[in-house]
Amino acid sequence: DTAVSQTPKYLVTQMGNDKSIKCEQNLGHDTMYWYKQDSKKFLKIMFSYNNKELIINETVPNRFSPKSPDKAHLNLHINSLELGDSAVYFCASSHERLAGGSTDTQYFGPGTRLTVL
Amino acid sequence: AQKVTQAQTEISVVEKEDVTLDCVYETRDTTYYLFWYKQPPSGELVFLIRRNSFDEQNEISGRYSWNFQKSTSSFNFTITASQVVDSAVYFCALGSGGGADGLTFGKGTHLIIQP
């Protein structure tokens, strides 16, 4: 009964490729998020999204795009992968009514370790 | 802009010792929320606690306790009688109702409990 799941857990790919990471939550939450954790373990928000609004952190390159087929899923597409994209990507969800707010507890998926060669 | 500072990069103690992890935050919001998450060696992020800015009451949960001091903008975390299984990276985070910041995380404190 995993609350927030991500696939794949590990992703190794070549520079220039396009890849996707899938995220699903079964908590009935309204808002989902993507965070990036770098090699120094620093966590930074990338996107905040509910069924009405997408909030994008201004530092995120437009090669990254979230896609939400329904309320329980928020997938992350990355085009033209670069070496600097290597990191652990975490999906999270919360009851937050609006994208951009962060007052409710966010529950995280297990993370996807992306390695770009 | 919001900021969370965890000045202790790494702490190493012997099992059964008490240990306190410091967290100092900055925000201009009057309503905000503070969180602690644990990241064990397996890599997942485990939620520990959430407190709002209007509730300064200290919280205790088993061997864990949290001290919220609004006057010093601190939200410290104490583990009593530490155990090897407490070894992890602990993150303090700040959230509020507005803006696109998501949760603002500190850089984490790597806690090592030696047997």
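Just so you know, these numbers come straight off a predicted model, no measurement behind them.

Analysis parameters
Residues numbered from 1 in each chain as written. Chains lettered and ligands numbered in written order. Predicted model: local features only at pLDDT ≥ 70, side-chain atom pairs only at ≥ 80, totals over all residues. Heavy atoms only, no water. Phe/Tyr/Trp six-rings, centres within 6.5 Å; stacked < 30°, edge-to-face > 60°. Helix = DSSP H or I, 4+ residues; strand = E, 2+ residues; numbered from the N terminus. Buried < 20%, exposed > 50% of the residue type's maximum accessible area, 1.4 Å probe, protein only. Core = buried A, V, L, I, M, F, W, Y, C linked by side-chain atoms within 4.5 Å. Contact = heavy atoms within 4.5 Å. Buried area = accessible area lost by both parts, 1.4 Å probe. Salt bridge = Lys/Arg side-chain N within 4 Å of Asp/Glu carboxyl O. Polar contact = N/O pair within 3.5 Å; in protein donor to acceptor, adjacent residues only side chain to side chain. Nonpolar A, V, L, I, M, F, W, Y, C, P; charged D, E, K, R; others polar. Pairing = 2+ DSSP bridges.

Let's shift gears to the packing of aromatic side chains. For the coordinates displayed, the defined rule picks out 20 aromatic pairs over all chains. Residues A:Tyr35 and B:Phe105 carry aromatic rings whose centres are separated by 5.7 Å and whose planes lie at 90° to one another, so their mutual orientation is edge-to-face. Here A:Tyr35 is found in strand β4 (residues 31–37), whereas its partner B:Phe105 is found in strand β11 (residues 104–105) on a different chain. Across the pair, exposure class does not vary: A:Tyr35 and B:Phe105 are buried alike.

Right, let's get into the nonpolar core. All names here are of chain B. Ranked by size, the top nonpolar core spans 23 residues in total, and within it Trp36, Phe77 and Tyr90 carry the most contacts. For this core, the secondary structure elements donating two or more residues are β2 (10–14), β3 (19–21), β5 (32–39), β8 (64–69), β9 (74–79), β10 (88–96) and β12 (109–114). Among the elements that take part in this core, β10 stands out by supplying four residues, more than any other.

Glancing now at unusual backbone geometry. Residue and element names in this part refer to chain A. Cis geometry is adopted by the peptide bond preceding Pro8, which originates at Thr7 and carries an omega value of -5°. Of note, Pro8 is situated in the loop between β1 (4–7) and β2 (10–13). The residue Ser80 is not glycine, and still its phi comes out positive at about 50°. The topology assignment puts Ser80 in the loop between β8 (75–78) and β9 (87–94). Ser80 sits in the partly exposed class, given a relative accessible area of 39%.

Attention now goes to the side chain of B:Asp86. Residues and elements named next belong to chain B. Mapped onto the secondary structure, Asp86 falls in the loop between β9 and β10. On the accessibility criterion, Asp86 (1% relative accessible area) is buried. Not counting the four nearest positions on each side in its chain, Asp86 is found in contact with Lys38, Arg63, Tyr64, Ile79, Leu111 and Ile113.

Glancing now at the interface of chain A and chain B. At the junction of the two partners, chain A supplies 18 residues and chain B supplies 23 residues. When the area that chain A buries against chain B is broken down by residue, the three leading residues are A:Leu43, A:Ser102 and A:Thr103, summing to 28%. For the interface between chain A and chain B, the tally reads zero salt bridges. The interface formed by chain A and chain B holds four residue pairs in polar contact (both at pLDDT 80 or more) in total. Looking at the side of chain A that touches chain B, the elements with two or more residues in it are β4, β5 (43–49) and β10 (107–108) of chain A. Within the side of chain A that touches chain B, the residues separate by chemical class into nine nonpolar, seven polar and two charged.

Attention now goes to the pairing of β9(B). Residue and element names in this part refer to chain B. The buried fraction of β9 amounts to five of the six residues, a majority that puts the element mostly inside the structure. One ladder, built from three bridges, connects β3 with β9; its direction is antiparallel. When the bridges of β9 are listed, Thr20 appears paired with Thr78. Two strands pair when backbone bridges link them, and β8 and β9 are joined in this way by six bridges, in the antiparallel orientation. Residue pairing across strands places Phe68 opposite Phe75, the latter belonging to β9.

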